Amino acid sequence: MEGPLALVVGILIATGVYLMLARDLLHYLFGLILISNAANLAIFITGRLTRAAPALVPKGLEVPPMPVANPLPQALILTAIVIGFGLLAFALALIAQAYKVLGTLDVDSMRIAEPVKPKRKKSP
Amino acid sequence: MSWLLALPFLIPIFTALAAFPARGRPLLCGSISICGCVLMLGIAIAIMILVETGGPRAAQMGDWAAPFGITLVADRLSAVMLLISAIVGLCVSLFSLSDIDEKRVKLGFHSFFQLLLAGVCGSFITGDLFNLYVWFEVMLIASFALLVLGGDRIQLDGGIKYVALNLVSTLLMLTSIGMIYGLTGTLNMAQLHISLATVDNPVAVSALAVLFISAFGIKAAIFPLFFWLPASYHAPPVAVTAVFAGLLTKVGVYALIRTFTLIFPTDLGFTHNILLGAALLTMLTGVLGAAAQYEFRKILAFHIISQIGFLVLGLALNSPLALAGSVFYMVHNIVAKTNLFLISGTAQRLTGSYELSEIGGVYQASPLLSTFFFIAAFSLAGFPPLSGFWAKLLLLKASMEQAAYLVAAVALITGALTLYSMSKIWAEVFWKDHPKSYCSNLYEIPRTERLQRLLPVALLAFITLGLGLVPEPFIDYSLGAANELLEPREYLDAVLGEGSAQYTGNH
């Protein structure tokens, strides 16, 4: 099961990188979202996959009687999803505001912070 | 005991919570923020005394024993970073009283500022890789907010680049953490030190090391990955830039140092050569970039990059002396760099602009401010007897010991070019007459504002002088920190219990 999922991670990252190479900021953000999902999926796979065995300990026992799925990566992914959601939502809001204020989403024309031809007046 | 180690991030979080409802009243809100920073300073000093007397200390959160729970660890490096963060936090929160306008305070400036400090301190004290990721994110989201707070055009423009590139670093870090868990089954840094040595897959370990270099390298702004920094650091109000310049990139460097002394002590030639090359190029590109700039804050921003090169250089040389140089350099640099940005803000207040061609005459108008600039700037350039001289001397000596003459040459050239930039600022801003009108005097601004602007600057300049005139205790401390980093037995014992270090094999 790990193999096909690893392939999915690869496809997600390839698609994400392709989108991020675009000049349009919205494409860039969609690329980031895809790669963020790919990262989460990759963590999931690194915990090794176990089918149909949730990490539950029956009453009266201290350890589960048979091998169960590794719960730690799942906890990590939950944290990462929440954080990623926050960051990407912020990025989307920022891009929306930038479009409103700067009037463009084309990164090549965003040169306010770094003007193309800075003033180089030498002082007398 | 375990609470003490949690306080460095709990205090700022609670201060942020307390400051948020008070944001409508700027003075009260600012006072809460300053009180929080004073409290933090006290805690940082307590932790430093504890670590200095009894070696590294660990606290297991929720009493889950390492390596299963989240561990907080304070060793000499963490302690000194916490202390210096508290000092920077205090100075900048004081300065922000006059620098941050009411609109931004009402939007919650002080809360975001405290959250930023929480993220920074959390990163310094955690002993768990995933927890480090979480603190990085806290720091990152707070820095996003601070950067675009107020929503000026230039802020949004710089903010977009900052956010876009830092999110990539976040994803890289998350992926590499996942991979290292897959290889070793643990995320506790001390346990990783032991477990990673037993992994029989050199290709995967090397790939991981490079992933970590790229992830932390973006945060630290090392050579090919620094483009977000000059694009954004001059956009926000100068108090924000000062705290960013002082702390943010240094957290990246701290993470690099921690990772490549504790987690990846093996495979030195490969990763450390990459780091060495990156460090040298960072030093040169940063300082050359600065030479081409004619705006006060942009020059300083490029110098942040070139100084990062020095910090990484100490790590790449990987000897006790070199690492001690890195630690000392970090402290010196945080103080001097924060101070330079604060001074640039006050100079702008007096002269009306950051463009070198449009301003001047500060030396005549306020010799006091000029003296403070002189101390900070020439310390940065490495003039004896200021702190930067000793920091550079340690690194130069370390590179000479390893017969790395090219490294020494690059460091010296960088120092000379730093001097060029600093004298450029000195000549343009301080010496020459104001080209248009006249430069206002410090005594023309209201008394409270004058105090709020000068007190932090004076404190930081005083620390720079102290580090320079009495360097010996600080160098001894840095050597102690470097030895702890290279011989992590005490660190492992503190985290995993006595005797755990015997499994570490040859290290």
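Above: the structure in question.
This is a predicted model, so every value here is computed, not measured.

## Observations concerning a nonpolar patch on the surface
Judged by side-chain polarity, L465, L469, V470 and F474 of chain B come together as a nonpolar surface patch covering roughly 350 Å² of accessible area. As for its placement among the helices and strands, L465 of chain B is situated in helix α19 (residues 447–469).

## Describing the packing of aromatic side chains
Residue and element names in this part refer to chain B. Under the criterion given, the structure shown has 27 aromatic pairs over all chains. Here a set of aromatic residues connected by ring pairs shows up, and it is made of F296, Y363, F373, F374, F378, F383, W426, F430 and W431. One cation-aromatic arrangement involves R23 over F20; the distance from NZ or CZ to the ring centre is 4.1 Å. Here the basic side chain of K392 rests over the ring of F310, its NZ or CZ set 4.9 Å away from the ring centre.

## A look at the environment of H303 of chain B
Residue and element names in this part refer to chain B. Within the secondary structure, H303 is located in helix α13 (residues 296–317). We classify H303 as buried; its relative accessible area is 0%. In this structure the C-alpha to C-alpha distance between H303 and T418, which are 115 residues apart in sequence, comes to 7.5 Å. Excluding its chain neighbours within four sequence positions, the residues that come into contact with H303 are V287, A290, K337, L380, T418, S421 and M422.

## Regarding helix α17 (residues 387–401) of chain B
Residues and elements named next belong to chain B. The terminal C-alpha atoms of α17, which comprises 15 residues, lie 22 Å apart, in line with the 21 Å expected from a rise of 1.5 Å per residue. Looking at α17, one finds that the buried residues are S387, G388, A391, K392, L394, L395, L396, A398 and S399. Two residues or fewer past α17, A403 is found with a positive phi of approximately 55°.

## With respect to helix α7 (residues 153–184) of chain B
Counting along an α-helix, one turn takes 3.6 residues, and residues three or four places apart therefore face a common direction. Residue and element names in this part refer to chain B. In a regular helix each residue adds 1.5 Å, so 32 residues correspond to 46 Å; α7 covers 47 Å between its end C-alpha atoms and thus fits that length. Along α7, 25 of the 32 residues are buried, which leaves the element largely enclosed by surrounding structure. Following α7 by one or two positions, G185 adopts a phi angle in the positive range, close to 75°.

Cut-offs applied
- Residues numbered from 1 in each chain as written.
- Chains lettered and ligands numbered in written order.
- Predicted model: local features only at pLDDT ≥ 70, side-chain atom pairs only at ≥ 80, totals over all residues.
- Heavy atoms only, no water.
- Patch = residues over 30% accessible without salt bridge, like charges linked within 9 Å, V, L, I, M, F, W, Y side chains within 5 Å.
- Areas by Shrake-Rupley, 256 points an atom, 1.4 Å probe, with all protein chains shown as cover.
- Salt bridge = Lys/Arg side-chain N within 4 Å of Asp/Glu carboxyl O.
- Helix = DSSP H or I, 4+ residues; strand = E, 2+ residues; numbered from the N terminus.
- Phe/Tyr/Trp six-rings, centres within 6.5 Å; stacked < 30°, edge-to-face > 60°.
- Lys NZ or Arg CZ within 6 Å of the ring centre and 35° of its normal.
- Buried < 20%, exposed > 50% of the residue type's maximum accessible area, 1.4 Å probe, protein only.
- Contact = heavy atoms within 4.5 Å.
- Expected span 1.5 Å × (residues − 1).

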